[in-house]
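An overview of the molecular structure
Residues per chain, in single letters:
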Amino acid sequence: MANQNLKQFTTPVFPFTAIVGQEEMKLALQLNVIDPKIGGVMIMGDRGTGKSTTIRAIADLLPEIEIVKNDPFNSHKSDLDLMGNEVKIAIQKDEVIETELIKIPMIDLPLGATEDRVCGTIDIEKALTDGIKAFEPGLLAKANRGLLYVDEVNLLDDHLVDILLDSAASGWNTVEREGISIRHPARFVLVGSGNPEEGELRPQLLDRFGMHAEIRTVKDPALRVKVVEERTSFDQTPMLWIKNYEEKQEELRTKIIEAQKLLPQVQLDYNLRVKISEVCSQLDVDGLRGDIVTNRAAKAYAAYNKKLDVTINDMKLLSLYVYDIV
C-alpha cells in the first residue's frame, strides 16, 4: 500500500493561473509554447520575483504529449523531425509502434553540468558488461518536445552555452566521441533566467533567445501582501489550493491548445511584414532573426486571442519583447 502511494505521489506545483502580476513574463512563455519556433525566452529580473516558479508552473499547465513507448528521445510516432533513428527504422520495417502519454518534459540544466551529461556519452555499464558500444542519452535528449530551463544562464560555462544554443537553433544534437556517432532530435523551448547584478549577458546569448522579459520586484504593498498570502496558503494546503484553481487552469490549457491548432491559419498582411522589416532596419538589428521572431510572435499572439489576422497593435505590443534583445 505504501509503495502504491509513493508511485502516485507527485510534488505539487504552484498553479500558473494563481501567479500574481508578471504579465510580461507569463505572456512570453505562453507564446513560446504556442509556437516553439519563436526561439525561447530570456527572463531577467531581481531575486525572489517568481521566475523559477512561473517557468515550472507553465510546464505543469501544458497537456500531455504522445511519445513512442520506452524511447529515450520522446520520439513522435509520425513527425520525422521529432523522432530518433531507431523509430525511423522500425517504421521502415512496418513494425508496430506502441505509444504512451507523458507530461511535457521540464528539464533543469544545472550550472555544474558537464558536457557528457548535457549531450550524452558512451554507456559505460553496457560497455563493461556486454562489451558493446551504446549511447547514454543526456539532458538534450530528455528535453526533446519539452522545455529546457537554465537558471542563472549568464553564469553558465561558455562551451555549454555554445552546445545548448546550437541544439536549440537546429533542433538536433550531434555526438561524436569514443567511437560513437549519433544524431538525435533536440527540439525544445529554451527558457533562461538570470539576475543582471550577477553578470552581464554574453552577446551570443542575447542573439539566440527569441524573446526577452524583464521583471521587477512588486512595489505595491497590497499586491505584495496578496502574493505572500497566496504562497503561504499554497504551502499549508497545496492540494486544496491546486483544486481551487483547476477550472482556471483547464480554461487556459484549452486556450493554448486551441491557439496551437489555429496558428497555421493566421495571416500576416504583406504591408505589416514590410513594417516589421522597416523597424528592424531602423533599429540597425544585425541579421534577420528579429524579422523572423517578430513575424512568428505576432501570429502566435493573434492565435492566442482567437484571431485569424495580425493587427498593428499586436506588433506594437510584441516589439517590446523582441527588439529589447536582438
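All values reported here derive from a predicted model rather than from experimental measurement. (Residues numbered from 1 in each chain as written. Predicted model: local features only at pLDDT ≥ 70, side-chain atom pairs only at ≥ 80, totals over all residues. Heavy atoms only, no water.)

As a further point, take the packing of helix 2 (residues 23-34) against helix 14 (residues 289-304). Relative to each other, helix 2 and helix 14 sit at 95°, their axes nearing to 9 Å. With respect to their mutual orientation, helix 2 and helix 14 come out roughly perpendicular. On helix 14, the residues touching Leu 27, Gln 30, Leu 31 and Ile 34 of helix 2 are Ala 297, Ala 300, Tyr 301 and Tyr 304. For the contact of helix 2 with helix 14, the per-class residue count stands at 7 nonpolar, 1 polar and no charged. (Axes fitted to C-alpha atoms, helices over the stretch in contact; angles between N-to-C directions. Helix = DSSP H or I, 4+ residues; strand = E, 2+ residues; numbered from the N terminus. Parallel < 35°, antiparallel > 145°, perpendicular 65-115°, else oblique. Contact = heavy atoms within 4.5 Å. Nonpolar A, V, L, I, M, F, W, Y, C, P; charged D, E, K, R; others polar.)

What follows is about the sheet that holds strand 10 (residues 189-194). Pairing is parallel across the open sheet formed by 5 strands, whose spatial order is 4-7-10-1-11. Where the open sheet ends on each side, the last strands, each with one partner, are strand 4 (106-108) and strand 11 (211-215). Averaged over all neighbouring strand pairs, the angle between strand axes comes to 20°, with direction disregarded. The pairing of strand 4 with strand 7 (residues 147-151) spans 3 bridges and is classified as parallel. Residue pairing in the sheet places Ile 107 in a bridge with Leu 148 of strand 7. (Pairing = 2+ DSSP bridges.)

The end-to-end C-alpha distance of helix 14, which contains 16 residues, comes to 22 Å, matching closely the 22 Å that a straight helix rising 1.5 Å per residue would cover. Of all the 16 residues making up helix 14, 12 are buried; the element is thus mostly covered by neighbouring parts of the structure. Buried residues of helix 14: Gly 290, Asp 291, Val 293, Thr 294, Asn 295, Ala 297, Ala 298, Ala 300, Tyr 301, Ala 302, Ala 303 and Tyr 304, and no others. Lys 306 lies just past helix 14 and shows a positive phi near 60°. (Expected span 1.5 Å × (residues − 1). Buried < 20%, exposed > 50% of the residue type's maximum accessible area, 1.4 Å probe, protein only.)

Moving on: the layout of surface pockets. As a volume, the largest pocket reaches approximately 700 Å³. For the largest pocket, the lining is made up of 23 residues, of which Val 33, Pro 36, Leu 82, Arg 145 and Gln 260 are closest to its centre. If you list the elements that add at least two residues to the lining of the largest pocket, you get helix 2 and helix 12 (246-262). Per-element tally for the lining of the largest pocket: the top contributor is helix 12, with 3 residues. Its residues placed into classes, the lining of the largest pocket shows 14 nonpolar, 3 polar and 6 charged. (1 Å grid on protein atoms, 1.4 Å probe; cavity = no way out; pocket = protein on both sides within 12 Å on 5 of 7 lines; lining within 4 Å. Points joined across faces, edges and corners; volume = space filled by probe spheres on them.)

Here Val 96 shows up in the loop between helix 4 (85-92) and strand 3 (99-102). Considered as a pair, Val 96 and Val 20 are 76 residues apart in the sequence and their alpha carbons are 47 Å apart.

As a further point, take the packing of aromatic side chains. A full pass over the atoms with the stated rule returns 2 aromatic pairs. Summarising the aromatic geometry, the rings of Phe 14 and Phe 234 are spaced 5.0 Å apart at their centres and angled 75° between planes, so their arrangement reads as edge-to-face. Remark: Phe 234 occurs in helix 10 (residues 221-236) and Phe 14 occurs in the loop between helix 1 (2-8) and helix 2; sequence separation between them is 220 residues. In terms of burial, Phe 14 and Phe 234 fall into one category: buried. A cation sits over an aromatic face here: Arg 183 above Trp 172, 4.3 Å from the ring centre. (Phe/Tyr/Trp six-rings, centres within 6.5 Å; stacked < 30°, edge-to-face > 60°. Lys NZ or Arg CZ within 6 Å of the ring centre and 35° of its normal.)

Tracing the backbone shows His 184 in strand 9 (residues 180-185). For His 184, a relative accessible area of 0% translates into the label buried. Apart from residues no more than four positions distant in its own chain, His 184 is found in contact with Phe 73, Cys 119, Phe 135, Leu 140, Ala 141, Gly 171, Trp 172 and Asn 173.

Take the nonpolar core next. By size, the foremost hydrophobic cluster in this structure holds 55 residues, and its most contacted members are Leu 29, Leu 31, Ile 34, Ile 43, Leu 147 and Val 191. Of the residues forming this core, the biggest block, 8 residues, is contributed by helix 14. Non-local contacts of Leu 31, meaning those with residues more than four positions away in its chain, are made with Ile 38, Met 211, Ala 297, Ala 300, Tyr 301, Tyr 304 and Leu 318. Met 44, Ala 113, Cys 119 and Val 175 belong to the second largest nonpolar core, which has 32 residues in total. (Core = buried A, V, L, I, M, F, W, Y, C linked by side-chain atoms within 4.5 Å.)

In low-pLDDT regions, the fine details of the predicted coordinates are not to be read closely. For the chain, the mean per-residue pLDDT works out to 81, and 90% of the residues sit at or above 70. Of all the helices and strands in the chain, helix 1 carries the lowest mean pLDDT, 48, while helix 12 carries the highest, 90. Scored below 50 in pLDDT, residues 4-8 shows 0 contacts in the model against residues more than four places distant or in partner chains. (pLDDT = per-residue confidence, 0-100.)

Of all the 6 residues making up strand 10, 6 are buried; the element is thus mostly covered by neighbouring parts of the structure. Of the two faces of strand 10, the one lined by Val 189, Val 191 and Ser 193 and the one lined by Leu 190, Gly 192 and Gly 194 are each fully buried. In the sheet, strand 1 (residues 41-45) pairs with strand 10 via 4 bridges, with the strands oriented parallel. Bridging across to strand 10, Met 44 finds its partner in Gly 194.

Attention shifts here to the environment of Thr 129. If you trace the backbone, Thr 129 turns up in helix 6 (residues 124-129). As a C-alpha pair, Thr 129 and Asp 284 span 155 residues in sequence and 58 Å in three-dimensional space.

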